[in-house]
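Next come the chains, spelled out residue by residue.
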Amino acid sequence: MNLSKQYQPTEIEDRWYAKWMEAQVFKSVPDEREPYTITIPPPNVTGILHMGHILNNTLQDVLIRRKRMQGYNACWVPGTDHASIATEAKVVAMLKEKGINKQDISREEFLQHAWEWKEKYGGIILSQLKKLGASCDWDRTSFTMDPEYSQSVLQVFCDLYEEGYIYRGNRMVNWDPSAQTAVSDEEVNHKDTPGHLYHLRYQIEGSEDEYVTIATTRPETILGDTAIAIHPEDERYTHLHGKKAIVPLLGRAIPIILDDYVDREFGTGCLKVTPAHDTNDHEIGLRHSLEVIDALNPDGTISEAGQLYVGQDRFVVRKQIKKDLDAAGNLVKVEDYNHSVGYSERTDAAIEPRLSAQWFLNMQELSKPALEAVNNGEVQLIPPKFINTYRHWMENVRDWCLSRQLWWGHRIPAYYVKGTNEHVVAMSEAEAVEKARAKTGNAQLTAADLAQDEDVLDTWASSWLWPISVFNGLTQPDNEDINYYYPTNDLVTAPEILFFWVARMIIAGYKFKGQKPFNNVYLTGIVRDDLRRKMSKSLGNSPDPLDLIEQYGADGIRVGMLLASPAGNDLLYKESLVEQGRNFANKIWNAFRLVKGWEVADIEPSERDILALDWMEARVSEVSAEIDDHFEKFRISDALMSVYKLKWDDFCSWFLEFVKPEYGQPIARKTVEGAIDLFEKNLQLIHPFMPFITEELWHGLRDRAANDFICVSKLFKAKTPDMSVLGEMELMKEVISAVRNFRMSKNIPNKEVIELFIQTDDQATFEKYRSLLTWMLKLSKMSFVTEKVDGTGSLRVQAHQLFIPLGAVDIEAEKEKIQKEIVYTEGFLQKVLKKLSNERFVSNAPEKVVAMEKKKQADAEAKLEVLRRSMEELG
RNA sequence: GGGAGCUUAGCUCAGUUGGUUCAGAGCACCUGCCUUACAAGCAGGGGGUCACUGGUUCGAGUCCAGUAGUUCCCACCA
């Protein structure tokens, strides 16, 4: 067989993925096995794969593949999210490039373009996930705007409305003038922004030269001023009580009101009140029944109501009005001032607080079971540090603004009766007509008298149903799938969307299914570069995952991402991590080349073969238990590290070296079979992390039926490891390392055979491993002695003395080494004795601990004796 | 302003209910090797006052308090 020295993943990966698909090995249908279910956090339908997806989906795939091999009916449901704001923004941009303005086309035309776009680019990301090796049941691919899914979204809206949870409210919302939509609090990023604090003076009505000076960061909003507020107890301004002030440039008289919201310390202690453009001002306005003047258009330009600068952008006006106020003598001074400004997460436009009619969901009652579930551990967050954050948010939950002023999404099923203030909520137009007739008492009313709400629902108002609706759990409440797969097992997602999505899914789970949606939430970290900067397009610090897969193989990138990412910790990405992953694949590949390259003969296995096989068997069992434990605790990185060391250190560095035949000699068939068996166990443990190379070698090691895949193989059951074998071999490994070290320090070439004398009270163990030591250390002879052998250098392993003949011995160096060890051991003994002579320790500490200390004392004393004797022997 | 977390080797992190010399791992680094699976490799090695101060305890990396630094979340002052 002619195998390349280096592993070439590309062709192998594509080939196996195609075979898996053909054999439908990832398909899941309910059966008698226990299900293990993950629903993918649906990526944006028009999104492309980034490093965060790689991390997130690799984790899911590792979990699902392992469970599949453990005999569960593993079901990983993939799909995409329609992502209303993000997708609509992309479609708008695409149309613009074609010279089409969204404002110039109808809703229907726009949606047609959007769907075309979705059909063309939607789901690219899913095919990219296949390159990564994601073992999803692709037949179950869902989309949040699938007909049946949409049905469930609208149904939920109607039901919640009927139950009184949904209401229509005039509220101050975060208005994104760029997307021209309201965005939720969570979608606003507050950033410290350098700006100015403008001190403006308003003339007091009826006075000649009496003024009141206020401070504002947004002078253009004076166009919407309807009051000046002062603190009721502010003695500086008592003379203004009951008076009115004149808005500069406009000449409008507005009342001076008293409100203890005003901070006397800030600015001048006088506050201009603009109810339409500031959340707090709005509340003050409500308290004082102030007029509301909406001086801004939806696109951020000044409205007719603003009277001046109509149609000009708010930022342009801010500059201009400063000049005009100055010219009019109203500008007192301008200070530099840094303040926090909200920006839209999606468009990065500065958010305007804006009064707007929106649909809201009352969260008070609904959130209670979801809070409880996390508090009592019914739903586990991993790592648990996120519980506090979750709790804090849930305890202070605000009503959810459900409507978005967009076209792409689920259109709100509310219908207004034209010419009235009435509205009805219904699943269909026909139903709406019926309801409207009943409500208005007008039996002649037709669809033409109704107008459906123009807005769509917030994206999260569909994705919060994800674990339910991918199984059609609302439209067909008792179907086989939902009953079998729900609640799902694990959710893997980013902490950034703990509230947007996770919390709301839990709420929805309890509300609509009466059950939690999943048992565990594994929160990944954020992928950053090695300077701790978030990976972003604008910084250009994110590699293209597909390039990496091309270069290092999917297995390599999977391992690279997982090597350094404990749950909840950010992952500092470096290309060297992926290199390490690729190198590991290469290591496995070369182990395979070695095993396949052996010349096999029908001879009896050698003694060392048997020792090696017994030990490796025990070691695989031991590590397998370790890995079980890691997985149980979601320590995926640790599990990978265990696998990595088992393969690299134990299997390759030790085991294969143990059984390697002498140059030119054949190897026993039984040894090879044993080695292959162990290799396969390794492959099974590695498979969830590196699906491709393991599948390739699974078929390379043995002749197998084409459909005998490792990915659906039954993971071996670990035996109870033979601890004495493990312990003995640990000693032998120490001996081997010590002798190697000795060779190195004495410049004895590796090829040169040496003689070894052993002084020990455990001759039996050394005797047992004679063949192994002889092979590994290139011994010409191994014998036991009772005292130091002349002309040798000595070394110690635990309480055993080893002597190796030397031409010239550096006695002084030897003595120095021994002396050092004596000092160290004496220090250690002192510490132990001090402990043991402490009455309170002996009486208070558990017996076991005291016994341990006594054993330490005995061991140290024995060791000292050996050391001192060696010292004497050296003269 | 409110809340939560973090601080252990050059870097990224483990360290389970306090108890073996407990101070660890991977990477990086240093030294020697192209040894007939692999230089994407082999063998060997150095490196930390567990942020600081105090307390509890027979015993503290581990528990408590304070200090400093740092990160995140929530709210937001015009």
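Here, every reference points to the structure presented above.
Keep in mind that what you see is a predicted model, and the values were worked out from it rather than measured.

Engineer: If you had to explain the overall build of chain A to someone new, which residues and values would you point to?
Structural biologist: Helix and strand content of chain A: 28 helices and 31 strands. The C-alpha radius of gyration of chain A comes to 37 Å, more than 25% above the 29 Å expected for a compact globule of 875 residues. Projecting the C-alpha coordinates of chain A onto the three principal axes gives extents of approximately 115 × 65 × 55 Å. Restricting the contact set of chain A to residue pairs at least 6 apart, pairs at least 24 apart contribute 77%. As presented, chain A carries roughly 39700 Å² of accessible surface, and 48% of it is formed by carbon and sulfur atoms.

Engineer: Please provide a residue-by-residue account of the sheet that holds strand β16 (residues 400–401), values included.
Structural biologist: On the basis of which strands lie adjacent, the open sheet formed by 4 strands has the order β6-β5-β14-β16 and antiparallel pairing. The open sheet has two free edges, formed respectively by β6 (181–183) and β16, since each of these has just one partner strand.

Engineer: Go over the pairing of strand β23 (residues 518–523), please, and point to the residues and values.
Structural biologist: Burial analysis of β23 places 5 of its 6 residues in the buried class, the great majority of the element. Examined bridge by bridge, strand β15 (residues 380–382) and β23 share 3 bridges and lie parallel to one another. In the sheet register, Gln380 faces β23, and the bridge partner there is Asn520. Two elements, strand β22 (residues 488–493) and β23, share 5 bridges in a ladder whose sense is parallel. Of the residues in β23, the one forming a bridge with Asp490 is Asn520.

Engineer: Got a sec to walk through the packing of aromatic side chains? Specific residues and values, please.
Structural biologist: Following the criterion strictly, the structure yields 31 aromatic pairs and no others. Taking 5.2 Å as the distance between ring centres and 5 degrees as the angle between the ring planes, the aromatic pair formed by Trp460 and Phe500 counts as stacked. Of this pair, Trp460 sits in helix α12 (residues 460–463) while Phe500 sits in helix α15 (residues 498–513), and the two are 40 residues apart along the sequence. Like Trp460, the residue Phe500 is buried in the burial classification. For the pair Tyr484 and Tyr485, a centre-to-centre distance of 4.8 Å together with 80 degrees between the ring planes defines the contact as edge-to-face. Here Tyr484 matches Tyr485 in class, with each residue buried. Here the guanidinium or amino end of Lys19 rests over the ring plane of Trp16, the centre of that ring lying 4.8 Å away. Over the ring of Tyr486 we find Lys513, and its NZ or CZ is 6.0 Å from the ring centre.

Engineer: If you had to explain the sheet that holds β22 to someone new, which residues and values would you point to?
Structural biologist: Across the sheet, which stays open at both edges, the 3 strands sit in the order β15-β23-β22 with parallel pairing between neighbours. If you trace the sheet from one side to the other, it starts and ends with β15 and β22, each paired once. The average angle at which neighbouring strand axes cross in this sheet is 20 degrees, direction not considered. Where helix α2 (residues 51–69) meets the sheet, its contacts fall on β22 and β23, and the angle it forms with β22 comes to roughly 155 degrees.

Engineer: For the pairing of strand β11 (residues 253–258), give the residues involved together with the corresponding values.
Structural biologist: If a strand is regular, its side chains alternate between the two faces of the sheet. Here 3 bridges tie strand β9 (residues 227–230) to β11, and the two strands are oriented parallel to one another. Each bridged residue has a counterpart across the sheet, and for Ile230 the counterpart in β11 is Leu258. Relative to β11, strand β10 (residues 244–246) is paired through 3 bridges, and the arrangement is antiparallel. Bridge pairing links Ile246 to Ala253 in β11. In sequence, β10 turns back onto β11 through a hairpin of 6 residues, with Leu249 there showing a positive phi of about 70 degrees.

Engineer: Account for the protein's contact with RNA strand B, naming residues and giving values.
Structural biologist: Asn590, Tyr663, Tyr824, Phe828 and Lys856 are the nearest of the 55 residues found near RNA strand B. The sugar-phosphate portion of RNA strand B accounts for 58% of its atoms within 4 Å of the protein, the bases making up the rest. Between RNA strand B and Gln580 there is a distance of 3.3 Å, counted from a sugar or linking oxygen to a side-chain nitrogen or oxygen. Residue Asn586 places a side-chain N or O atom 3.0 Å away from a sugar or linking oxygen belonging to RNA strand B.

Engineer: Before we move on, can you summarise the nonpolar core with the specific residues and values?
Structural biologist: Core analysis: the largest hydrophobic core is formed by 193 residues, its most contacted members being Leu361, Trp464, Phe655, Phe658, Phe679 and Phe689. Every residue in contact with Phe655, bar those within four places of it in the chain, is listed here: Ala612, Leu613, Trp615, Met616, Asp650, Ala675 and Leu678. Within the second largest apolar cluster, 26 residues are counted, among which are Tyr198, Val247, Ile256 and Ile302.

Engineer: Could you give an account of helix α23 (residues 723–745), naming the residues involved and the relevant values?
Structural biologist: Given 3.6 residues per helical turn, the α-helix brings residues three or four places apart onto the same face. In this model α23 runs 33 Å from its N-terminal to its C-terminal C-alpha over 23 residues, within 8% of the 33 Å that 1.5 Å per residue would give. Remark: Asn747 follows α23 within two positions and exhibits a positive phi of approximately 55 degrees.

Engineer: Mind laying out the pattern of salt bridges, listing which residues take part and the relevant values?
Structural biologist: Tallying each qualifying case throughout the model produces 48 salt bridges. Note that Lys27 is salt-bridged to Asp139, the shortest N-O span being 2.9 Å. Of this pair, Lys27 sits in the loop between α1 (9–23) and β1 (35–39) while Asp139 sits in the loop between α5 (124–132) and β4 (142–143), and the two are 112 residues apart along the sequence. Judged by relative accessible area, Asp139 falls into the exposed class, the value being 53%. With a shortest N-O distance of 2.9 Å, Asp650 and Arg619 are connected by a salt bridge.

Engineer: Describe the side chain of Asp529, and please don't skip the residues or the numbers.
Structural biologist: Structurally, Asp529 is set in strand β24 (residues 527–529). Of the polar contacts made by the side chain of Asp529, one reaches the side chain of Arg533; its length is 2.8 Å. Engagement of the side chain of Asp529 in a polar contact is seen with the side chain of Asn541, the distance being 3.0 Å. Aside from chain neighbours lying at most four places away, what touches Asp529 is Met535, Asn541, Leu572 and Tyr573.

Engineer: Outline the environment of Thr268, supporting the account with residue identities and numerical values.
Structural biologist: Examined against the element boundaries, Thr268 turns out to sit in the loop between β11 and β12 (270–273). Not counting the four nearest positions on each side in its chain, Thr268 is found in contact with His199, Thr213, Ile214, Ala215, Arg236 and Tyr237. A distance of 2.5 Å separates the side chain of Thr268 from the backbone oxygen of Thr213, its partner in a polar contact.

Engineer: Which residues make up unusual backbone geometry, and what values do they have?
Structural biologist: The amide bond that connects Ile382 to the next residue, Pro383, takes the cis arrangement and shows omega of 0 degrees. In this structure, Pro487 follows Tyr486 across a cis peptide bond, with omega equal to -5 degrees. As for its placement among the helices and strands, Pro487 is situated in the loop between α14 (480–485) and β22. In this structure, Phe634 takes a positive phi of about 60 degrees despite not being glycine. Here Phe634 shows up in the loop between α19 (607–632) and α20 (636–659). Backbone geometry places Lys778, a non-glycine residue, at a positive phi of 55 degrees. Counting through the fold element by element, Lys778 comes out in the loop between α25 (770–777) and β29 (779–784).

Engineer: Residue-level account of the packing of α20 against helix α21 (residues 669–686), with values.
Structural biologist: Between α20 and α21, whose axes approach to 10 Å, the crossing angle comes to 170 degrees. What the angle tells us is that α20 and α21 run roughly antiparallel. In this structure, α20 contributes Val643, Leu646, Lys647, Phe651, Phe655 and Val659 to the contact, and α21 contributes Thr671, Ala675, Leu678, Phe679, Asn682, Leu685 and Ile686. In the contact of α20 with α21, the residues fall into 10 nonpolar, 2 polar and 1 charged.

Engineer: Provide a residue-level description of a negative patch on the surface, including the pertinent values.
Structural biologist: On the surface, Glu787, Asp790, Glu872 and Glu873 cluster together to form a negatively charged patch. Tracing the backbone shows Glu872 in helix α28 (residues 847–873). Relative accessible area serves as the criterion here: at 64%, Glu872 is assigned to the exposed category.

About the cut-offs
- Residues numbered from 1 in each chain as written.
- Chains lettered and ligands numbered in written order.
- Predicted model: local features only at pLDDT ≥ 70, side-chain atom pairs only at ≥ 80, totals over all residues.
- Heavy atoms only, no water.
- Helix = DSSP H or I, 4+ residues; strand = E, 2+ residues; numbered from the N terminus.
- Rg over C-alpha atoms; globule rule 2.2 N^0.38 Å.
- Contact = heavy atoms within 4.5 Å.
- Areas by Shrake-Rupley, 256 points an atom, 1.4 Å probe, with all protein chains shown as cover.
- Pairing = 2+ DSSP bridges.
- Buried < 20%, exposed > 50% of the residue type's maximum accessible area, 1.4 Å probe, protein only.
- Phe/Tyr/Trp six-rings, centres within 6.5 Å; stacked < 30°, edge-to-face > 60°.
- Lys NZ or Arg CZ within 6 Å of the ring centre and 35° of its normal.
- Axes fitted to C-alpha atoms, helices over the stretch in contact; angles between N-to-C directions.
- Near = heavy atom within 4 Å.
- Polar contact = N/O pair within 3.5 Å; in protein donor to acceptor, adjacent residues only side chain to side chain.
- Core = buried A, V, L, I, M, F, W, Y, C linked by side-chain atoms within 4.5 Å.
- Expected span 1.5 Å × (residues − 1).
- Salt bridge = Lys/Arg side-chain N within 4 Å of Asp/Glu carboxyl O.
- Parallel < 35°, antiparallel > 145°, perpendicular 65-115°, else oblique.
- Nonpolar A, V, L, I, M, F, W, Y, C, P; charged D, E, K, R; others polar.
- Patch = residues over 30% accessible without salt bridge, like charges linked within 9 Å, V, L, I, M, F, W, Y side chains within 5 Å.
- Lys, Arg positive; Asp, Glu negative; His and termini not counted.
- Charge placed at Lys NZ, Arg CZ, Asp CG, Glu CD.

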